[in-house]
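If you want the building blocks of each chain, they are given just below.
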Amino acid sequence: MLKGKHIIIGITGGIAAYKAAVLVRLLVREGAEVQVLMTRAAKEFITPLTMATLSKRPILVENFNPENGAWNSHIDLGCWADAMVIAPATANTLAKMACGIGDSLLLTTYLSARCPIAVAPAMDLDMMAHQATQQNLDTLKQRGVMIIEAESGELASGLSGKGRMAEPEVIVESIRQLLGRKQTLAGRRAMVTAGATMEAIDPVRYITNHSTGKMGYAIAAELAARGAEVRLVSGRTQLPCPKGVERVDVVSAEDMFRACCAEWDGADIGVMCAAVADYTPEQVSPTKIKKSDDDMCIRLRRTPDIAAELGRRKEGRVLVGFALETDNEQVNAQQKLERKNLDFVVLNSLRDKGACFGGDTNKVCLIDRQGEQSFPLESKARVAERIVDKIEEILKTK
Ligand code: CTP
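Residues numbered from 1 in each chain as written. Predicted model: local features only at pLDDT ≥ 70, side-chain atom pairs only at ≥ 80, totals over all residues. Heavy atoms only, no water.

1. Section: the sheet that holds strand 3 (residues 83-89)
- Spatially, five strands are ordered 2-1-3-4-5 in an open sheet, and the strand pairing comes out parallel. Every interior strand has two partners, whereas the edge strands, strand 2 (33-38) and strand 5 (146-147), have only one.
- Pairing between strand 1 (residues 6-11) and strand 2: six bridges, direction parallel. Looking at strand 2, one finds that glycine 10 is bridged to leucine 37.
- The strands touched by helix 1 (residues 17-29) within the sheet are strand 1, strand 2 and strand 3, with strand 1 carrying the most contacts at an inclination of about 170°. (Pairing = 2+ DSSP bridges. Helix = DSSP H or I, 4+ residues; strand = E, 2+ residues; numbered from the N terminus. Contact = heavy atoms within 4.5 Å. Axes fitted to C-alpha atoms, helices over the stretch in contact; angles between N-to-C directions.)

This is the structure:
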């Protein structure tokens, strides 16, 4: 699978850089064409000569050669690569990737790359556990970057804990997955709803909810990483659109209903993750409502149930719904499964710690007509993988 593949190995400045030599050797031995990009700091840990010899190509560090002005185009590199792996990835580089900073050839290439990307973090245990690093890793995961988890053990500092870069053999296996992941949903079209709807009261006020869209965006990223063509019908959120995903922005439940009905015809998969308002003001005032001394009452009318409407027109496609409950969880989820004609329901309970709005983790139970499967508290990216795994299983039976 690796034969003839174009692989960029980005090396950043950490002691684990020495393992990148073995990684490149393994890839070259399998017939891959490897281009090594190094940061300036990486050169302090392993020599360009070592990496150029092993990869059989000059390594690249700067955007241009200061001696002759030859330009190392990050855009050409990004288009050339079938996969890009940053190993080791320091806390500093991960932070810059998460923020979109492009102050090295490695980073501008990452920003331009159209291929699947993986990072193999390596750092001291406290840097790894730091909230900033963890948030950056989650941001990258949500954008579809594969995280090759660091291992626990003795670290160069003498401390012991999680932070050792994965072994080169494990990274090669991940690269295989990264290249393979592209194919499993190729040719499939998926529609995902995410975020909160906003129901206008007047030009100033609206009714909404606490949904941030993180779970739906993670699912869209995962579907796209496996090669599906993804339309993300998105309500209010602060999140950037994941790589390879086409976003359709909507405001109200009514807008979302219309957009979903239009998208559903060409889709094979529907994942209804949005927190859709069940009620909307019966009348929207065209001008700002002025207060008076009396109390006021806003009459609300029902919005269309999007999932139920798509369920009525399912015709052999896979439709997944969410149930966010505070009590009587299993029974409510079962009812939603039937009422909306879903293939399975992703149940999460507000009673579970770490499964609240806006967090980076979730604890879910997948419920279908055969039974249920509960998972521990995990990152939303991992939960997205589990959901998409189940979608793939169902697609095989259709
Ligand atoms: N949903 C939808 N359109 C709506 C309301 C909900 O598509 N107007 C979808 C959600 O995206 C989710 C599922 O239906 O996948 C469950 O939504 P929820 O609001 O929790 O369930 P309801 O059926 O509205 O039931 P209740 O409010 O009584 O919990």
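There is more to say, and it comes next.
2. Regarding the domain arrangement of the chain
- Domain assignment breaks the chain into domain 1 (6-180) and domain 2 (189-395).
- The distance between the C-alpha centroids of domain 1 and domain 2 comes to 35 Å.
- Between domain 1 and domain 2, the contact holds 10 residues from the first and 11 residues from the second.
- Summed over both sides, the interface of domain 1 with domain 2 buries roughly 820 Å², with 53% coming from carbon and sulfur.
- Joining domain 1 to domain 2, the criterion identifies zero salt bridges.
- Run the count over domain 1 and domain 2 and you get one residue pair in polar contact (both at pLDDT 80 or more).
- In terms of residues, the side of domain 1 that touches domain 2 owes the most to one element, helix 8 (residues 131-142), which gives four residues. (Domains from an automatic or database assignment. Buried area = accessible area lost by both parts, 1.4 Å probe. Salt bridge = Lys/Arg side-chain N within 4 Å of Asp/Glu carboxyl O. Polar contact = N/O pair within 3.5 Å; in protein donor to acceptor, adjacent residues only side chain to side chain.)

3. Some thoughts on the packing of aromatic side chains
- This structure, assessed with the given rule, holds zero aromatic pairs.
- The residue whose ring lies beneath arginine 317 is tryptophan 264, and the NZ or CZ to ring-centre distance is 4.3 Å.
- In this structure, lysine 390 is placed above the aromatic ring of phenylalanine 344, and the distance from its NZ or CZ to the ring centre is 5.4 Å. (Phe/Tyr/Trp six-rings, centres within 6.5 Å; stacked < 30°, edge-to-face > 60°. Lys NZ or Arg CZ within 6 Å of the ring centre and 35° of its normal.)

4. Things to note about the layout of surface pockets
- Counted as a void, the largest pocket has a volume near 900 Å³.
- Around the largest pocket sit 37 residues that line it, and Ala274, Ala275, Val276, Phe322 and Leu324 are the ones nearest its centre.
- Contributing elements (two or more residues each) for the lining of the largest pocket: helix 10 (214-225), helix 12 (306-312), strand 16 (318-325) and helix 13 (329-339).
- The greatest single-element share of the lining of the largest pocket, amounting to four residues, is contributed by strand 16.
- In the lining of the largest pocket, the residues fall into 18 nonpolar, 11 polar and eight charged. (1 Å grid on protein atoms, 1.4 Å probe; cavity = no way out; pocket = protein on both sides within 12 Å on 5 of 7 lines; lining within 4 Å. Points joined across faces, edges and corners; volume = space filled by probe spheres on them. Nonpolar A, V, L, I, M, F, W, Y, C, P; charged D, E, K, R; others polar.)

5. A short note on the sheet that holds strand 20 (residues 372-374)
- Taken in spatial order, the eight strands make up an open sheet running 12-11-8-13-16-17-19-20, and their pairing is mixed. Two strands in the sheet have a free side with no partner beyond their single neighbour: strand 12 (245-249) and strand 20. Across the sheet, the mean angle from the axis of one strand to that of its neighbour is 15°, orientation sign disregarded.
- Strands strand 16, strand 17 (344-349), strand 19 (365-367) and strand 20 of the sheet are contacted by helix 13, whose axis makes an angle of about 150° with strand 17.

6. Re a nonpolar patch on the surface
- There is a patch of nonpolar side chains on the surface, built from Tyr279, Met296, Ile298 and Leu300 and spanning about 390 Å² of accessible area.
- Within the secondary structure layout, leucine 300 lies in strand 15 (residues 300-302). (Patch = residues over 30% accessible without salt bridge, like charges linked within 9 Å, V, L, I, M, F, W, Y side chains within 5 Å. Areas by Shrake-Rupley, 256 points an atom, 1.4 Å probe, with all protein chains shown as cover.)

7. Details of the site of the ligand
- Around the ligand sit 14 residues in total, of which Met272, Ala274, Ala307, Phe322 and Lys340 are the nearest.
- One of the backbone nitrogen or oxygen atoms of alanine 274 is found 2.8 Å away from an oxygen atom of the ligand.
- Within the contact set of the ligand, an oxygen atom lies 2.9 Å away from a side-chain nitrogen or oxygen of arginine 339.
- In this structure the site holding the ligand corresponds to the largest pocket. (Near = heavy atom within 4 Å. Sits in = over half its atoms within 2 Å of the grid points.)

8. A look at the pattern of salt bridges
- Taken as a whole, this structure holds 34 salt bridges when the rule is applied.
- Of the charged contacts in the structure, one is a salt bridge between arginine 189 and glutamate 229, with a shortest N-O distance of 3.8 Å. Remark: glutamate 229 occurs in strand 11 (residues 229-234) and arginine 189 occurs in strand 8 (residues 189-194); sequence separation between them is 40 residues.
- For arginine 189, a relative accessible area of 26% translates into the label partly exposed.
- Through salt bridges with shared partners, a single ionic network connects Arg189, Glu229, Arg231, Glu246 and Glu263. (Buried < 20%, exposed > 50% of the residue type's maximum accessible area, 1.4 Å probe, protein only.)

9. Digging into the packing of helix 5 (residues 91-99) against helix 8
- Running from amino to carboxyl end, helix 5 crosses helix 8 at an angle of 50°, the nearest separation of the two axes being 9 Å. Judged by the angle between their axes, helix 5 and helix 8 are oblique. Crossing of helix 5 against helix 8: the hand is left-handed. Side by side, helix 5 and helix 8 meet where Ala91, Leu94, Ala95, Met97 and Ala98 of the first sit next to Thr133, Asn136, Leu137, Thr139 and Leu140 of the second. (Parallel < 35°, antiparallel > 145°, perpendicular 65-115°, else oblique. Left-handed = near helix turned anticlockwise from the far one by under 90°.)

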